[in-house]
Amino acid sequence: MNVVFAVKQYIGKMIEASGPGMKVLLMDKETTSIVSMVYTQSEILQKEVYLFERIDSANRENMKHLKAICFLRPTKENVEYLIQELRRPKYSIYFIYFSNVISKSDIKSLAEADEQEVVAEVQEFYGDFIAVNPHVFSLNILGSCQGHSWDPAQLSRATQGLTALLLSLKKCPMIRYQLSSDAAKRLGECVKQMITKEYELFDFRRTEVPPLLLLLDRSDDAITPLLNQWTYQAMVHELLGINNNRIDLSRVPGISKDLREVVLSAENDEFYANNMYLNFAEIGSNIKNLMEDFQRRKPKEQQKLESIADMKAFVENYPQFKKMSGTVSKHVTVVGELSRLVSERNLLEVSEVEQELACQNDHSSALQNVRRLLQNPKVTELDATRLVMLYALHYERHSSNSLPTLMADLKTRGVSERHRKLVSAVIEYGGKRVRASDLFSPKDAVAITKQFLKGLKGVENVYTQHQPLLHETLDQLIKGKLKDSQYPYLGPSTLRDRPQDIIVFIIGGATYEEALTVYNLNRTTPGVRIVLGGTVIHNTKSFLEEVSAAGFRGRGMESSQAAARVASRR
């Protein structure tokens, strides 16, 4: 179950099917992202694809010497663009691939438009999702719900994305969903309808244990996307932002022109592939080793080229040397910027308190530490607000809850009203009233003992104590202990055996911390394969955008506190 490989295979087949000769790849906005996540431009150039064009670009030239490979989402707009294209073809021959199921009526319209008979092939290749890591995919939908219910257009996109994923992995799953989430049940029903409607496509060879699709809701764990991260991939996304594998470094002080935007892709960057799940301290020493290795090779490259053999050896090694030089400068720059932000924003101290809020239950210590950090001028507005959010989520119903005091501290600090309102918006989104699971107190005797022992021993790493709720959910699922009463099956049949192939999808977005959890479970649980997907991959900023987009604006805390005082007087 490798989603990167699945998409890569589809694109390889498309290019192969068009035969030898020069080609243009014609895409839309979304398929451009889908392709760029799994192939570099130079890799595709080697396959005789010399031009990349958008179907919606108005000023494309006529190039009758090129074959066109069209990879498009089957939307109304794209079908209309194709009809216009086929009426006045710019290329010699067209191989058309849709990233999802296309209706018979649309095929008929395209056939009617193809008066010059330039279409050689029309097929469905189900690469309708963004393959982020081999076990992680996203649909790049920010703002999937209104309140806790689906936005209809996004429900349709999520249904298409999930069914395409299932088809690309050749899985016809049983479906379980989080009972407390209407959105999860609704998506499950839509996927099931699609499987029933397209039953011929889903007629795969039966496995002994059927695959399982588990649908979850972000609002059940609003803690994970609010935490600072300390593993490479997650940290880069939290502090710099990863957008389709691209990192914008243009705001880094003194950045050179060629490093203003860099690509981090495990597919063609060995250092990143080996380090993306390691913590920040390890990355630092690995960067040092990478630099030393580079320095060792460098003098050899610059020796005098005295014989033809020397020159030949230099030319053969030069591309690797150049590639290594690019890798070194890229990672040194990225890690350097992460280091700068960590000290500038006092993130070690901030993160320690975040972890205490997420994992410990000592209210007075937590309150004291949050108040201390709110006084610290190095702590940014975003970090101050997220500390108060974590406190509000954890101690929402604590008898000594001091949220009004913290809100007053934020106001005194000059934190904008927009940020302050987001505190109550996050509680509306993922507070105790909404959550079905208990995020903060251990549930069974084993977990209570573990927490007690942890308290006695101390923690190996204070910055990475937190485990996302997903860890516990998947652990229970793998052991066959996930309660049907909280995660019912859609339809009458249930799994008798423990699941082996699991696809988890989080409505409202997944995180790289959860991707790390799944990576570790895949590594340590023989016979179990898990793929994680989300409407989007969040960092704190995008998560807060998600909350706002869902319509949780939050009340000004001042007015709600005044209302509470009036009520208490009565």
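Residues numbered from 1 in each chain as written. Predicted model: local features only at pLDDT ≥ 70, side-chain atom pairs only at ≥ 80, totals over all residues. Heavy atoms only, no water.

Peer 1: Requested: an account of helix H19 (residues 512-524), with residues and values cited.
Peer 2: End to end, H19 covers 18 Å across 13 residues, agreeing with the expected 18 Å (1.5 Å per residue, within 8%). When H19 is considered as a whole, its buried residues turn out to be Tyr512, Glu513, Glu514, Ala515, Leu516, Thr517, Val518 and Leu521. (Helix = DSSP H or I, 4+ residues; strand = E, 2+ residues; numbered from the N terminus. Expected span 1.5 Å × (residues − 1). Buried < 20%, exposed > 50% of the residue type's maximum accessible area, 1.4 Å probe, protein only.)

Peer 1: Report on the pairing of strand E6 (residues 130-133), specifying residues and quantitative values.
Peer 2: Of the strand pairs in this sheet, E6 and strand E7 (residues 136-138) are connected by three bridges, and their pairing is antiparallel. Bridged to Asn133 within E7 is Val136. Between E6 and E7, which follow one another and run antiparallel, lie two residues. (Pairing = 2+ DSSP bridges.)

Peer 1: Can you tell me about the sheet that holds strand E4 (residues 93-98), naming the residues and giving the values?
Peer 2: Sheet architecture is open: five strands sit in the order E2-E1-E3-E4-E5, paired in parallel fashion. Only two strands of the sheet have a single neighbouring strand rather than two, namely strand E2 (49-54) and strand E5 (119-124). On average, each strand axis in the sheet is tilted by 15° relative to the strand beside it, whichever way the strands run. Bridging between strand E1 (residues 23-27) and E2 involves five bridges; their strand directions are parallel. Bridging across to E2, Val24 finds its partner in Leu51. Relative to the sheet, helix H4 (residues 76-87) contacts E1, strand E3 (67-72), E4 and E5, its axis offset from that of E4 by approximately 170°. (Axes fitted to C-alpha atoms, helices over the stretch in contact; angles between N-to-C directions. Contact = heavy atoms within 4.5 Å.)

Peer 1: Which residues make up the packing of H4 against helix H5 (residues 104-113), and what values do they have?
Peer 2: Their axes nearest at 8 Å, the elements H4 and H5 cross at an angle of 20°. When the axes of H4 and H5 are compared, the pair comes out roughly parallel. Crossing hand, H4 versus H5: right-handed. Residues Val79, Leu82, Ile83, Leu86 and Arg87 of H4 form the contact with H5, whose participating residues are Asp106, Ser109, Leu110 and Ala113. Taken together, the residues that form the contact of H4 with H5 break down as six nonpolar, one polar and two charged. (Parallel < 35°, antiparallel > 145°, perpendicular 65-115°, else oblique. Left-handed = near helix turned anticlockwise from the far one by under 90°. Nonpolar A, V, L, I, M, F, W, Y, C, P; charged D, E, K, R; others polar.)

Peer 1: Give a description of the confidence of the model for the protein chain that names residues and reports values.
Peer 2: For the protein chain, the mean per-residue pLDDT works out to 87, and 88% of the residues sit at or above 70. A low-confidence stretch, residues 557-570 stays under pLDDT 50, and its non-local contacts, those more than four residues away or across chains, total nine contacts. (pLDDT = per-residue confidence, 0-100.)

Peer 1: So, the packing of helix H15 (residues 403-413) against helix H16 (residues 417-430): which residues are in play, and what are the values?
Peer 2: Where H15 meets H16, the closest approach of the two axes is 10 Å, and the angle between their N-to-C directions is 150°. Relative to H16, the element H15 lies roughly antiparallel. Touching Leu403, Met407, Leu410 and Lys411 of H15 are Arg420, Val423 and Ile427, all from H16. Broken down by class, the residue content of the contact of H15 with H16 amounts to five nonpolar, no polar and two charged.

Peer 1: Summarise the pattern of salt bridges; cite the residues concerned and give the values.
Peer 2: Following the criterion strictly, the structure yields 28 salt bridges and no others. The shortest N-O distance in the salt bridge between Arg73 and Glu30 comes to 3.7 Å. Pair noted here: Arg73 is in the loop between E3 and H4 and Glu30 is in helix H2 (residues 29-36), with a separation of 43 residues, a long-range link. Overall, Arg73 belongs to the buried group, its relative accessible area being 5%. The salt bridge partner of Asp409 is Arg371, with a shortest N-O separation of 2.8 Å. Taken together, the residues span a long stretch of sequence, with Asp409 in helix H15 and Arg371 in helix H13 (residues 363-374) at a distance of 38 residues. On the accessibility criterion, Asp409 (11% relative accessible area) is buried. (Salt bridge = Lys/Arg side-chain N within 4 Å of Asp/Glu carboxyl O.)

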